[in-house]
Amino acid sequence: TSSMSILIVEDNPVNARLLALMLKAQGYQTVAARNGKEGLTVMAETPDLQLIITDYMMPEMDGLEFIVKVRALPAFRHVPILVASAQADLETVKRAQGAQCQGFLVKPIDKQQLIKRVEDLIRSQSVVLCAKLKTMDKLDIGLAEYNDLVNTFATQLTETIPIVVLEQGDSNEPMSENLSRLLKDLAESAFMLGAEKFF
């Protein structure tokens, strides 16, 4: 969809503009924020984010703190994050990876490297996305409702798996009626949400 965009979180306006221009030249839409705090506000208004590129050293909230906050939001938990930093020492890179970011770009940013990283991350994500958009279409629901359903499914999954593990510890036993009903429900939910591979 054309509303998909990339969030650039960068406090230097020239750097932010340069990133936006590089990405726009490749046909990507971008939204910008000057720091992590502003980034979270922009995210609330832009539910269809494809990717986040964030600076590391920023006032108000640094890149690391920002990533941790993003990862705590269910709707954005799986959005790929690239960290851009002039500081590329091992410690910084390790910390960024520990916070679940998908890549590290060293400033000044190399355009070719940037585009390749962005394309790789968006491509690896698009399979999931396709199912998501198809499901939203099929069920005739919006993004908020979709996320709500996925969270409900996640809970259902969390509640069922321990029962499977407990009951099927000795797999020679036949499956109880209760468990097979739970698994049937789970499969039904998965199918409804477009996760045909779940079976």
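Residues numbered from 1 in each chain as written. Predicted model: local features only at pLDDT ≥ 70, side-chain atom pairs only at ≥ 80, totals over all residues. Heavy atoms only, no water.

(A) Focus on unusual backbone geometry. In this structure, the amide linkage connecting Lys107 to the following residue, Pro108, adopts the cis form with an omega of -5 degrees. Mapped onto the fold, Pro108 is located in the loop between β5 (103-106) and α5 (111-139). One non-glycine residue with positive phi stands out, namely Asp140, at about 55 degrees. Checked against the element boundaries, Asp140 lands in the loop between α5 and α6 (143-167). (Helix = DSSP H or I, 4+ residues; strand = E, 2+ residues; numbered from the N terminus.)

(B) Region of interest: the pairing of strand β4 (residues 81-85). The buried count for β4 comes to five of five residues, which makes it a mostly enclosed element. Both faces of β4 are covered, namely the face carrying Ile81, Val83 and Ser85 and the face carrying Leu82 and Ala84. For the crossover that starts at strand β3 (residues 49-55), traverses helix α3 (residues 63-71) and ends in the parallel β4, the hand is right-handed. Relative to β5, β4 is paired through four bridges, and the arrangement is parallel. When the bridges of β5 are listed, Ser85 appears paired with Val106. Assessed by its sense of winding, the connection that carries the chain from β4 through helix α4 (residues 90-98) to β5 is right-handed. (Buried < 20%, exposed > 50% of the residue type's maximum accessible area, 1.4 Å probe, protein only. Right-handed = clockwise from strand over helix to strand, strands pointing away. Pairing = 2+ DSSP bridges.)

(C) Seen up close, the side chain of Glu10. Considering the arrangement of structural elements, one finds Glu10 in the loop between β1 (5-9) and α1 (13-25). Owing to a relative accessible area of 4%, Glu10 belongs among the buried residues under this scheme. For Glu10, the side chain forms a polar contact with the main-chain nitrogen of Asn12, separated by 2.9 Å. One polar contact links Glu10 to Lys107, side chain to side chain, over a distance of 2.8 Å. Each residue touching Glu10, except ones within four places of it in the same chain, is listed here: Asn15, Ala16, Ala33, Arg34, Asp55, Met58 and Lys107. (Polar contact = N/O pair within 3.5 Å; in protein donor to acceptor, adjacent residues only side chain to side chain. Contact = heavy atoms within 4.5 Å.)

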